[in-house]
Amino acid sequence: MKPMKPGPGLMKHFLQIKDLRAEEYTYLFERAKIIKTRFKNYERYQPLADRTLAMIFEKASTRTRVSFEAGMYQMGGSVVHLTTGDTHLGRAEPIEDTARVISRMVDLVMIRTYEQAKIELFAAHSRVPVINGLTNEYHPCQILADIFTFIEHRGSIQGKVVAWVGDGNNMANTWLQAAEVMGFEVHISTPSGYEVDPQVAGITDRSCYRVFDHPMAACEGAHLVTTDVWTSMGYEAENEERRKAFVDWCVDEEMMAVARPDALFMHCLPAHRGEEVTAEVIDGPQSVVWDEAENRMHVQKALMEYLLLGRIG
Ligand code: CP
Ligand code: NVA
């Protein structure tokens, strides 16, 4: 069967996890596996020849930039890399106008920015699919990679327990949405004042997560323990205050010991050893952080293929 061409009615954005349904994630993870295997076997696969991805970064990035850029070139396409400093976005050109212009010239846009409202506004005025490469509220591409990594190591995530230790931030919110859509449970422990807000997380089903005061309690019996930096990009002014508030929210060997014996450890990176995680854990046998980082590229290739070509076969 020929790949489905996108039409106006079929265009999808990927701005948060809820934008796709559970069965679409099942499909994406299957495609990511096929695409990864081809890559590992040095097989050329270029379904996005002549397609262009624009990447707009308003915050720093290592993994997101490299994974999207390398992934797009591997699929035969090309990439335009833009930052606030070298575009009119930093000089107050309206987002709506930028979206109208860029989306007439490229086939796909990836944006890393501050407020989710900005990416939503861009998408509302874009002729082409828009992908969230991280906002203050969500990081859906990272959670795609994390769940794909879990599946590779342990099989389906359905019914499993994911322990979140640390800030109620963009990663935590995205885990909650994923739990609601894909059917697993998040056990979350944050310092007081840094809790998740279910409204910001965009969830309606409160049964997909449980809150624990103590991080050890959140880790008990978990299939996966995960954390993130204490201070996310954009919140640097709060750094000192956060370092004090988060001191007991460091994932260490004691926390891993109360999780299941086969529990995995994940961190989206960049990590700060000795703050949110000890070196023993992140560099230890339960950690899959390097697979997790690599898988960003494979899942995003599957995502770009899906948003541009629809289901293959
Ligand atoms: N995990 C992640 O998104 O990394 P970067 O900030 O390096 O892109
Ligand atoms: N929560 C972090 C994730 C970095 C990939 C941040 O937003 O800075």
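From a predicted model like this one, the values you see are computed outputs, not experimental measurements.

Observations regarding the packing of aromatic side chains
Okay, so step 1: Inspection of every chain in the model, using the stated rule, returns 6 aromatic pairs.
Okay, so step 2: With a centroid separation of 6.3 Å and 20° between ring planes, the pair formed by F29 and F148 is classed as stacked. Taken together, the residues F29 in helix α1 (residues 22-40) and F148 in helix α5 (residues 140-154) connect sequence positions 119 residues apart.
Okay, so step 3: Exposure remark for F29: the relative accessible area of 9% places this residue in the buried category.
Okay, so step 4: Note on F148: relative accessible area 3%, which makes it buried.
Okay, so step 5: Ring-pair connections join several aromatic residues into one group, and the members of that group are Y25, F29 and F148.
Okay, so step 6: Between the NZ or CZ atom of K59 and the centre of the ring of Y114, over which it lies, the distance is 4.7 Å.
Okay, so step 7: Sitting above the plane of the Y27 ring, R311 keeps its charged end 4.8 Å from the centroid.

Notes on the site of ligand 1
Okay, so step 1: Ligand 1 sits among S61, T62, R63, T64, R112, H139, Q142, C268, L269 and R296.
Okay, so step 2: Within the backbone of T62, an N or O atom sits 2.7 Å from an oxygen atom of ligand 1.
Okay, so step 3: T64 is positioned with one of its side-chain polar atoms (N or O) 2.7 Å from an oxygen atom of ligand 1.
Okay, so step 4: Taking 250 Å² as the accessible area of ligand 1 by itself, protein coverage stands at 95%.
Okay, so step 5: Here the shell around ligand 1 is built from residues that sort into 2 nonpolar, 5 polar and 3 charged.

Here we look at the pattern of salt bridges
Okay, so step 1: Inspection of every chain in the model, using the stated rule, returns 17 salt bridges.
Okay, so step 2: Between E275 and R243 there is a salt bridge, with its nearest N and O atoms 2.9 Å apart. Of this pair, E275 sits in the loop between β9 (264-267) and α11 (279-282) while R243 sits in helix α9 (residues 239-245); the two residues are 32 residues apart in sequence, bridging distant segments of the chain.
Okay, so step 3: For E275, a relative accessible area of 17% corresponds to the buried category.
Okay, so step 4: Two residues, D283 and R273, come together in a salt bridge whose shortest N-O distance is 2.8 Å. Of this pair, D283 sits in the loop between α11 and α12 (289-309) while R273 sits in the loop between β9 and α11, placing them 10 residues apart in sequence.
Okay, so step 5: The exposure class of R273 is partly exposed, given its relative accessible area of 42%.

Some details on the confidence of the model for the protein chain
Okay, so step 1: Considering every residue of the protein chain, the mean pLDDT works out to 96; 97% of them sit at 70 or more.
Okay, so step 2: Predicted confidence for residues 1-8 stays below pLDDT 50, and this span has 11 contacts to residues more than four positions away or in other chains.

So, the site of ligand 2
Okay, so step 1: Around ligand 2, a shell composed of L134, N169, N170, D228, V229, S232, M233, C268 and L269 is seen.
Okay, so step 2: Within the side chain of N169, an N or O atom sits 3.4 Å from a nitrogen atom of ligand 2.
Okay, so step 3: N170 has a polar side-chain atom sitting 2.8 Å from an oxygen atom of ligand 2.
Okay, so step 4: Summarising the interface, the protein chains cover 94% of the accessible area of ligand 2, which totals 270 Å² for the free molecule.
Okay, so step 5: Partitioned by chemical class, the residues of the shell around ligand 2 number 5 nonpolar, 3 polar and 1 charged.

Quick word on the environment of Q142
Okay, so step 1: Relative to the elements of secondary structure, Q142 occurs in helix α5.
Okay, so step 2: For Q142 and H267, which are 125 residues apart along the polypeptide, the C-alpha to C-alpha distance reads 9.8 Å.
Okay, so step 3: A polar side-chain atom of Q142 sits 2.9 Å from a polar atom in the side chain of R296.

Focus on the sheet that holds strand β8 (residues 224-227)
Okay, so step 1: Read from one edge of the open sheet, 5 strands run β7-β6-β5-β8-β9, paired in parallel fashion. Two strands bound the open sheet, and with one partner strand each, they are β7 (209-211) and β9. Shown here is a sheet whose adjacent strand axes are inclined to one another by a mean of 20°, direction ignored.
Okay, so step 2: Here strand β5 (residues 161-165) pairs with β8 via 3 bridges, running parallel. The residue bridging V162 from the neighbouring strand is L224, located in β8.
Okay, so step 3: Each of β8 and β9 is contacted by α5, which is oriented at about 160° to β9, the strand it contacts most.

Cut-offs applied
Counting from 1, residues in each chain are numbered in the order their sequence is written. Chains and ligands are labelled by the order in which they are written, letters from A for the one and numbers from 1 for the other. With the structure being a predicted model, the display of local features is reserved for residues of pLDDT at least 70 and the display and counting of side-chain atom pairs for 80 or more, all residues being used for whole-chain, interface and lining totals. Side-chain descriptors were evaluated using all non-hydrogen atoms of the structure, hydrogens and water having been removed beforehand. Paired rings are identified among Phe, Tyr and Trp, the last through its six-membered ring, by centres lying within 6.5 Å, and are further divided according to the angle between planes into stacked (under 30 degrees), edge-to-face (over 60) and tilted (the rest). Secondary structure elements are taken from DSSP: a helix is a run of H or I of four residues or more, a strand is a run of E of two residues or more, and numbering for both begins at the N terminus. For each residue, the accessible area found with a 1.4 Å probe, counting protein chains only, is set against the maximum for its type, and the residue is called buried under 20%, exposed over 50%, and partly exposed in between. Consider the ring centre and the ring normal. A charge sits over the ring if Lys NZ or Arg CZ is within 6 Å of that centre and within 35 degrees of that normal. A molecule or strand has a residue near it when one of that residue's heavy atoms lies within 4 Å. Polar contacts here mean pairs of N or O atoms no more than 3.5 Å apart (in protein, one a potential hydrogen donor and the other a potential acceptor; neighbouring residues in sequence count only if both atoms are side-chain atoms). Here the Shrake-Rupley method, with its probe set to 1.4 Å, supplies the accessible areas, and only the displayed protein chains count as covering residues. Throughout, the ten residues Ala, Val, Leu, Ile, Met, Phe, Trp, Tyr, Cys and Pro are labelled nonpolar, Asp, Glu, Lys and Arg are labelled charged, and all others, Gly among them, are labelled polar. Take a side-chain nitrogen of Lys or Arg and a carboxyl oxygen of Asp or Glu: if they are within 4 Å of each other, that pair is a salt bridge. Confidence of the prediction at every residue is given by pLDDT, a number between 0 and 100. Contacts were defined at the residue level, with two residues in contact if any of their heavy atoms lie within 4.5 Å. What makes two strands pair is DSSP finding at least two bridges between them. Helix axes are fitted only over the stretch in contact, all axes being lines through C-alpha atoms; the angle between N-to-C directions runs from 0 to 180 degrees.

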